[in-house]
Each structure stands twice: as C-alpha cells, then as structure tokens.
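# Reading the structure
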Amino acid sequence: MNLYSHYSFDTLSNSYLIGPTGGGDAVLFDPATFDVPLLELVEKQRYYVRFVVLTHCDDTRLDGLRTLRRVYDCTVYAAHATVLGSPAIPVADGQVLDLCGKPFRAIAMPGKGSDSVAYHLDGFVFTGTAMSAGEYGSVPNPYAKALLLEGIRTRILTLPEETVILPCHGPPSTVALERETFPMEAPTPGAAFP
Amino acid sequence: MILLPVPSLQSVVRERPADPLRTVSPALEFRRHRRYDRTMFNPHESRTPSAEAEELALLLEDRRFISDLNMPGLSLAGIGIRGNSFYGCNFASMTIANATVTECSLELCFFPFASFTDVTFSNVKLKNCVFGASRVVRMSFTGCNVIQCNFNGLQAREVVFDDCDLLHSRFNSAALREVRFENCNLKETRLLRTAITETEFLYSNQEDAIFAMEDSW
C-alpha cells in the first residue's frame, strides 16, 4: 500500500490518496479540493480514483468532489446517503469497507455531527475534522464537546499507540503522542447536563 | 539502540570497504534493492533489530530518495546529511546529537519522543513531519520550510527558527524556553496552551499566529 498526503494551500486541508504500487484503483479521502498537483499525483502514480471516502459531509468543504466526479467514475462512501446532491453509499459505525483489497473500519465520531466518521486502516486512522493534532473539532454546545471528547478517548486513543493519525486539517500525529498531549479536560457527556 | 562508535556517520560511509561482495544481512540487502517510491512505512512492522545505523549510512550513500524506513529508537551522533529526500519514515524516540541536515526534504516523517541536541537544519523542506513530545536543546532551523509540522508537547530550550516558513505548524502544549522566531512566517501557526519563557518573536508575523481558540464551552 502506498499512501500519499496532499496539502491544499487554498483550504489548508489534507487529502489522502491510497493505492497499490504500480498503479490501479485508488482510494481518495476528503477531496476538499481537486487541484492540478493532486491530479498530477494521481496520474503520475497511474491511479484511477475508484473510491472516495468522506469523513464528513460539509458541502462547503467538498468542492474537490464536484471536480473529481467529472473526471472519474467513482463510488462515494459517507455517513449520509446523499452528498452534494448525488447518491453516496452510507457507512455505519463499525462497518468494514473493503476498498482496493484493504479493510477500512468506520468509527462514528458522535458529538462532531451525524456525518462525522473516522476510518481505521491497519496502522492508520483518518480522523477527518473530528480530531487533529492536539485539538478537537468545532462543536456547537458543551454536550457535543463532551460527547466528542469521550469518543476520541474511547475510540481513537485506544488504538495501538503506534497508529498514525491523519486528520483533515493540521499535521499528522500518532496515538502515543496524542495520549500525551491531547487536551482531555471535558467532563463525561452525562455530567455536562446534570 | 545503536550508538555509532565514530564521530561522523559520513566517516562510516567513507571508510566502508569498496568490496561489492561484502556480507550484509539479508534484511539489509532487501532494503537496498527494494523500490523506493514514496511508500509510507507500516507502523505495525517490526523494526530491523540490527544494522540500523549501517543501513541508514548505506542508504544515504546509495540513494537520494529514501522512504518507508521504520527505525524507532535509532541513535546517531555526529551525523551530516546533505541533499537527501525522506518520505514516510519513522524515527520515533530517536536520539540525535551534533548533527547537521542541509538541503534535504522530509515529508510525513515521524520523530515523536525524540531527543535533539546541537542539531542544525539548514535549507531543509519539512512537510507534515512530527516532532511532538521531543526534547530539543540548542537546535537551529535556518531558511527552512516547516509546513504543517507537529511540535505539540515539544520541550525546547535554546532553539532558533531563522527565516523559516512555519505555515500551519503546531506547538500546542509545548514548553518553549529561550526560543527565537526571527523573520518567520507564522501564518496559522498554533501555540495553544504553550508555555513560553524568554522567547522572542523578531520580524515575524506574530499577529497571524494563534495563541488561543475561542471556545466558550
């Protein structure tokens, strides 16, 4: 498996391309933009973007998907059945997607929103906007914050410590590093509204 | 953990016998002949228990582009690296001292829980690299692109960032003592919950850095 990170200077966001050595069908995570450098990366590796996996369904951050769909006949996986007005394959918590021969396990991230899903692939976890290095995603209220932090604590930080965290925004990290530095100060969800 | 018994890794390379038939471990031979093509290391792969420093020396000599190295716990002293590119390499818990890294590029390289002492980075392009929870003493970054790198939990003392682009890098929960940011781009650089002591921001866009997030919850 080859993994490529694409950083968009326009949206300050990351996309991740995963595919086999030598070309073939590939998986693309969170195409916030689909710009020339990303296209060149796909073409240089002789990939065809067969699958698009979304960790969130925020329309304002999926401009790249519009472009991508004009170029590739790709299947989109997301928490919702419709993304940008087009059908997507809904993903449920715990579901394992077999994409390009690799098992991607969906991890729902409650608190960030019903559309927020992380994906775990042997040694890597794609956390989307729910969690980044030393920070959690934006939340609308204290209950959501507590729920999200609980999800991060029990669903992400319990993964093997060498697991690499690949977020939608910001630099990568590891589970071991986040156990040391992540600000886990919120109360439990039940305690948020006693 | 392997400590180089020589003052410089480059000297290891120079003194290496020219005999192409010299014996090396099968794992090392495999490494030398495998295709290096921006492949990411597998975090679950067990590291090579021996010959790591030698392996790195050989790779530095043989190849400009190096990827998919999994060398946690590596210890190096007196190393000089120039002109190499690294991609998707794991050097977690590395110890490195008295080293210079010049005109190299590193992307998706991991140095968490590492120790850097008297290390100089000059004209190095760093992107998506992780230095979190590392201990850094007397280190300098000069003319470097440090794009979206993770310095969270860093323990830094006497560190200089001179003429560096630190776009979107993070120093959350770090402890910075006697650190100087001079002529640096700090756009979207985050220093949340960072303990800053005797630290200077000279000719840098400190106003574009983020020192606190609005979170009323």
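The structure we're discussing is the one just above.
Residues numbered from 1 in each chain as written. Chains lettered and ligands numbered in written order. Predicted model: local features only at pLDDT ≥ 70, side-chain atom pairs only at ≥ 80, totals over all residues. Heavy atoms only, no water.

### Observations regarding the sheet that holds strand S4 (residues 47-53) of chain A
All names here are of chain A. Pairing is mixed in the open sheet, where 6 strands are placed in the order S1-S2-S3-S4-S5-S8. The open sheet is flanked by strand S1 (2-8) and strand S8 (89-90), the only strands paired with a single partner. As paired elements, strand S3 (residues 24-29) and S4 share 6 bridges and run parallel to each other. By the bridge assignment for S4, Phe29 is matched with Val53. Against the sheet, helix H1 (residues 36-44) touches S1, strand S2 (13-19), S3 and S4, its axis set at about 165° to S1. (Pairing = 2+ DSSP bridges. Helix = DSSP H or I, 4+ residues; strand = E, 2+ residues; numbered from the N terminus. Contact = heavy atoms within 4.5 Å. Axes fitted to C-alpha atoms, helices over the stretch in contact; angles between N-to-C directions.)

### With respect to the sheet that holds strand S15 (residues 164-167) of chain A
Residue and element names in this part refer to chain A. Taken in spatial order, the 6 strands of this open sheet run S9-S10-S11-S12-S15-S16, and their pairing is mixed. Whereas interior strands pair on both sides, the edge strands pair on one side only; in this sheet they are strand S9 (96-99) and strand S16 (173-174). Taken together, the 4 bridges between strand S10 (residues 102-108) and strand S11 (residues 117-121) define a ladder with antiparallel strand orientation. Across the sheet, residue Ala108 finds its bridge partner in S11, namely Val117. Each of S10, S11, strand S12 (124-128) and S15 touches helix H3 (residues 142-156); the most contacted strand, S10, lies at about 150° to it.

### Quick look at the pairing of S11(A)
Residues and elements named next belong to chain A. For S11, the tally of buried residues reaches 5 of 5 residues, placing the bulk of the element in the interior. Where burial is concerned, the two faces of S11 agree: the one with Val117, Tyr119 and Leu121 and the one with Ala118 and His120 are both buried. One ladder, built from 3 bridges, connects S11 with S12; its direction is antiparallel. Bridging from a neighbouring strand, Tyr119 pairs with Phe126 of S12. Counted along the chain from S11 to the antiparallel partner S12, the turn is 2 residues long, and its residue Gly123 has a positive phi close to 95°. (Buried < 20%, exposed > 50% of the residue type's maximum accessible area, 1.4 Å probe, protein only.)

### Side note on the interface of chain B and chain A
Counting residues at the interface gives 36 residues for chain B, matched by 42 residues for chain A. Both faces considered, chain B and chain A share a buried interface measuring about 3,100 Å² in area, 59% of it formed by carbon and sulfur atoms. The interface formed by chain B and chain A holds 2 salt bridges in total. At the junction of chain B and chain A, the tally comes to 13 residue pairs in polar contact (both at pLDDT 80 or more). Partitioning the side of chain B that touches chain A into residue classes produces 14 nonpolar, 12 polar and 10 charged. (Buried area = accessible area lost by both parts, 1.4 Å probe. Salt bridge = Lys/Arg side-chain N within 4 Å of Asp/Glu carboxyl O. Polar contact = N/O pair within 3.5 Å; in protein donor to acceptor, adjacent residues only side chain to side chain. Nonpolar A, V, L, I, M, F, W, Y, C, P; charged D, E, K, R; others polar.)

### Digging into the packing of aromatic side chains
All names here are of chain B. Going through the model one piece at a time under the given rule, you end up with 26 aromatic pairs over all chains. Judged by centre distance (6.3 Å) and plane angle (90°), the rings of Phe141 and Phe151 are edge-to-face. With Phe141 in strand S9 (residues 135-142) and Phe151 in the loop between strand S10 (145-147) and strand S11 (155-162), this pair connects stretches of sequence that are 10 residues apart. The same class applies to Phe141 and to Phe151, which are both buried. (Phe/Tyr/Trp six-rings, centres within 6.5 Å; stacked < 30°, edge-to-face > 60°.)

### Comments concerning the layout of surface pockets
Unoccupied space between atoms shows up once a probe the size of one water molecule is rolled over them. Here the largest pocket defines a volume of roughly 650 Å³. Glu135(A), Tyr136(A), Gly137(A), Ser138(A) and Met213(B) are the residues nearest the centre of the largest pocket, which is lined by 28 residues in total. Of all the secondary-structure elements, those providing two or more residues to the lining of the largest pocket are strand S13 (131-132) and strand S14 (135-136) of chain A. Within this model, the second largest pocket holds a volume of roughly 240 Å³. What lines the second largest pocket is a set of 14 residues, among which Glu161(A), Glu162(A), Ala176(A), Asn90(B) and Ala92(B) lie closest to the centre. Taken together, the residues of the lining of the second largest pocket sort by class into 9 nonpolar, 3 polar and 2 charged. (1 Å grid on protein atoms, 1.4 Å probe; cavity = no way out; pocket = protein on both sides within 12 Å on 5 of 7 lines; lining within 4 Å. Points joined across faces, edges and corners; volume = space filled by probe spheres on them.)

### Considerations on helix H2 (residues 63-71) of chain A
Residues and elements named next belong to chain A. Among all positions in H2, only Gly64, Leu65 and Leu68 are buried. Down the axis of H2, the buried side of the element spans an arc of 95°, and every buried residue falls inside it. Next to the buried residues of H2 lie S3, S4, strand S5 (75-78) and strand S6 (82-83). (Arc of directions from axis to C-beta.)

### Some thoughts on the pairing of S2(A)
All names here are of chain A. When you tally the buried positions in S2, you get 7 out of 7 residues, the bulk of the element. The side-chain alternation of S2 yields two buried faces, one formed by Ser13, Ser15, Leu17 and Gly19 and the other by Asn14, Tyr16 and Ile18. As judged from the 7 bridges shared by S1 and S2, these two strands associate in the antiparallel manner. Note on S2: the bridge partner recorded for Ser5 is Tyr16. Hairpin connection of S1 to S2: 4 residues between the antiparallel strands, including Leu12 at a positive phi of 50°. Taking the residues between adjacent antiparallel strands as the criterion, S2 and S3 are bridged by 4 residues, where Gly22 takes a positive phi near 95°.

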